[in-house]
Amino acid sequence: MRSTRYHASFTRNLMAAFTLGCLLAGCSVVGPTAIRSGRLAYNDAINETNRQQLLMMVIYNRYEEEGNLLAVASVTSNVSVKASSGIQLGFGDSDDYAGNLVPFSAGSVYEENPTISYTPVAGEKYTRQLMSPLPINLLALFAGTVSDPENIYTALIANINGIHNPDFLFSPSETDPRFSRVVAIMTALTKAQCLHWIEDPKNHGFSVVIDDYAPAYTVQVNELLDLLGLPAATANSTKLILPVSLALHGRETGGIGIITRSVFDLGEILSAAIEVPEHEKDNGVAIRYPPPGLAGKDLRIHSASDKPEHAYISVKYRDRWFYIDETDQATKRFFRLTSALWSVTIAESTTKGTAAPVLTVPVSH
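Conventions adopted
- Residues numbered from 1 in each chain as written.
- Predicted model: local features only at pLDDT ≥ 70, side-chain atom pairs only at ≥ 80, totals over all residues.
- Heavy atoms only, no water.
- Core = buried A, V, L, I, M, F, W, Y, C linked by side-chain atoms within 4.5 Å.
- Buried < 20%, exposed > 50% of the residue type's maximum accessible area, 1.4 Å probe, protein only.
- Contact = heavy atoms within 4.5 Å.
- Pairing = 2+ DSSP bridges.
- Helix = DSSP H or I, 4+ residues; strand = E, 2+ residues; numbered from the N terminus.
- Axes fitted to C-alpha atoms, helices over the stretch in contact; angles between N-to-C directions.
- Arc of directions from axis to C-beta.
- Phe/Tyr/Trp six-rings, centres within 6.5 Å; stacked < 30°, edge-to-face > 60°.
- Lys NZ or Arg CZ within 6 Å of the ring centre and 35° of its normal.
- Parallel < 35°, antiparallel > 145°, perpendicular 65-115°, else oblique.
- Left-handed = near helix turned anticlockwise from the far one by under 90°.
- Nonpolar A, V, L, I, M, F, W, Y, C, P; charged D, E, K, R; others polar.

Draft legend 1. View of the nonpolar core. The biggest cluster of nonpolar side chains holds 72 residues, and the ones touching the most others in it are Ile160, Trp197 and Ile210. Those residues in contact with tryptophan 197 that sit more than four places away from it in its chain are Ile136, Leu139, Ala140, Ala143, Tyr153, Met186, Ser207, Val208, Val244 and Ile258.

Draft legend 2. Representation of the sheet that holds strand E11 (residues 320-325). Taken together, the 3 strands give an open sheet; going across it, the order is E9-E11-E10, and neighbouring strands pair in antiparallel fashion. Single-partner strands in this sheet number two, and they are strand E9 (302-304) and strand E10 (311-317). Strand-to-strand twist of the sheet, defined as the mean angle between neighbouring strand axes without regard to direction, takes the value 30°. With 6 bridges joining them, E10 and E11 adopt antiparallel strand pairing. Bridged to lysine 316 within E11 is tryptophan 321.

Draft legend 3. Summary view of the side chain of threonine 187. Among the secondary structure elements, threonine 187 is positioned in helix H6 (residues 177-191). What makes threonine 187 buried here is its relative accessible area of 5%. Excluding its chain neighbours within four sequence positions, the residues that come into contact with threonine 187 are Asp148, Pro149, Glu150 and Tyr153.

Draft legend 4. Quick look at the sheet that holds strand E5 (residues 195-200). Strands sit in the order E4-E3-E8-E7-E6-E5 across an open sheet of 6 strands; the sheet is mixed. Two strands lie at the open edges of the sheet, namely strand E4 (163-164) and E5, each paired on one side alone. Bridge count for strand E7 (residues 239-246) against strand E8 (residues 256-260) is 3 bridges, and the pairing is parallel. Each bridged residue has a counterpart across the sheet, and for serine 245 the counterpart in E8 is glycine 257.

Draft legend 5. Molecular detail of helix H7 (residues 218-227). Buried residues of H7: Val221, Leu224, Leu225 and Leu227, and no others. Seen end-on, H7 carries its buried residues on one side only, within an arc spanning 160°. Exposed and facing more than 90 degrees away from the buried side of H7 are Val219 and Asp226. Close packing links the buried residues of H7 with E4, H6, strand E6 (205-211) and E7. Taken from the residues just after H7, glycine 229 is the one with a positive phi, measuring 75°.

Draft legend 6. Representation of the environment of asparagine 50 within the structure. Relative to the assigned elements, asparagine 50 resides in helix H2 (residues 30-62). C-alpha separation for the pair asparagine 50 and tryptophan 342, spaced 292 residues apart in sequence, amounts to 9.9 Å.

Draft legend 7. How the structure looks around the packing of aromatic side chains. Under the definition given, this model contains 6 aromatic pairs. Where tyrosine 317 meets phenylalanine 322, the ring centres are 6.4 Å apart and the plane angle is 55°; that geometry is what we call tilted. Accessibility classification places tyrosine 317 together with phenylalanine 322 in one group, the buried group. Among the aromatic residues, those joined into a cluster by ring pairs are Tyr60, Tyr63, Tyr317 and Phe322. The ring of tyrosine 312 has arginine 51 lying over it, and the distance from NZ or CZ to the ring centre is 5.2 Å.

Draft legend 8. Layout of the packing of helix H3 (residues 124-131) against helix H10 (residues 329-349). At a minimum axis separation of 9 Å, H3 and H10 run at an interaxial angle of 150°. Relative to H10, the element H3 is oriented roughly antiparallel. Judged by the twist between their axes, the crossing of H3 over H10 is right-handed. Contacts between H3 and H10 involve Lys125, Tyr126, Gln129 and Leu130 from the former and Trp342, Thr345, Ile346, Glu348 and Ser349 from the latter.

Draft legend 9. Structural context of helix H8 (residues 263-272). For H8, the tally of buried residues reaches 7 of 10 residues, placing the bulk of the element in the interior. Val263, Leu266, Gly267, Glu268, Ile269, Leu270 and Ser271 are the residues of H8 that are buried.

Draft legend 10. A look at the environment of leucine 242. Mapped onto the elements, leucine 242 comes out in strand E7. A relative accessible area of 7% means that leucine 242 is categorised as buried. With 33 residues separating them along the chain, leucine 242 and valine 209 place their C-alpha atoms 6.3 Å apart. Every residue in contact with leucine 242, bar those within four places of it in the chain, is listed here: Ser207, Val208, Ile210, Leu225, Leu230, Gly254, Gly255 and Ile256.

Draft legend 11. Representation of the packing of H6 against H7 in the model. Running from amino to carboxyl end, H6 crosses H7 at an angle of 140°, the nearest separation of the two axes being 10 Å. As summarised for this structure, H6 and H7 are arranged oblique, according to the angle between their axes. In this structure, the crossing between H6 and H7 has a hand that is left-handed. For the pair formed by H6 and H7, the contact residues are Arg178, Arg181, Val182, Ile185, Met186 and Leu189 on the first element and Gln220, Val221, Glu223, Leu224 and Leu227 on the second. Here the residues of the contact of H6 with H7 sort into 7 nonpolar, 1 polar and 3 charged.

No statement about biological role is implied by the geometric values presented.
Written out as structure tokens, the structure reads:
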């Protein structure tokens, strides 16, 4: 009987150990699990800190202080799982060890050791990208892919065929109602699928194509052409091709000349939207901006002494919290556009071959 009990106990423990070994061998599933949990976490952290960096740069600009950016060059995460198992077997009469032995034991240690590399964003190439007017291809891409191009035109176009859309109103006379009308007509034609931005290999650029507009939109198309200083469409015209160039005027070539804003211009517009105490503007600590133009008139970056509960993005500076309210769609939209274009600027200025140093930081737990 004793021998029978021994063999039964040994068999149970052996089977338990074998089962545990099989489970531990399943550690290969840690890889996919680590991707599911880690990828989104890293991506969320990078996106949030990118927004925080941009908001800090806008705040620094308002207070005329120098700010620096760090671009995340790479994230390398090494994941390992160390497992151990043990089994305790009794020999002899079970009365000698009953209740004193743990049949089997197991343990595992999950380790994740990320290494993050940063690239300082600075230098002539970055400054040139930041200060230069945005290329027409970016305007065309954004205007052609969003559901409401009105905000894209208002934010990115500073001048179209001599019609000015100023960043700031240094005098009331700078407001030109023709610009709002041009944007309204182009937006309506886009929503009606009558206006398209297309690449124009012949002119090595982009063109605005207006087709299938008659008779429903004939009046609007001719009004648009008149505002832009272009000849009216002929009675039998079914398609208009207007080449677009980065220029003050395009009338001489029968097309559209556009001056776009730079990423720096967009940052200035955001800086002017920050709530700043009057005494900080009076004593020169913060810049006092003139009234904003169309692009910035509805933007608000709030400040508060306590951390806001419902913020799209927030940072702390000068013992105050600066934030964009999560329900403020106009400011969120403009900030998101600026962030996307700023990221393009950073990517263009930190491409391979640059001599910028890379700061690599191992993260330990």
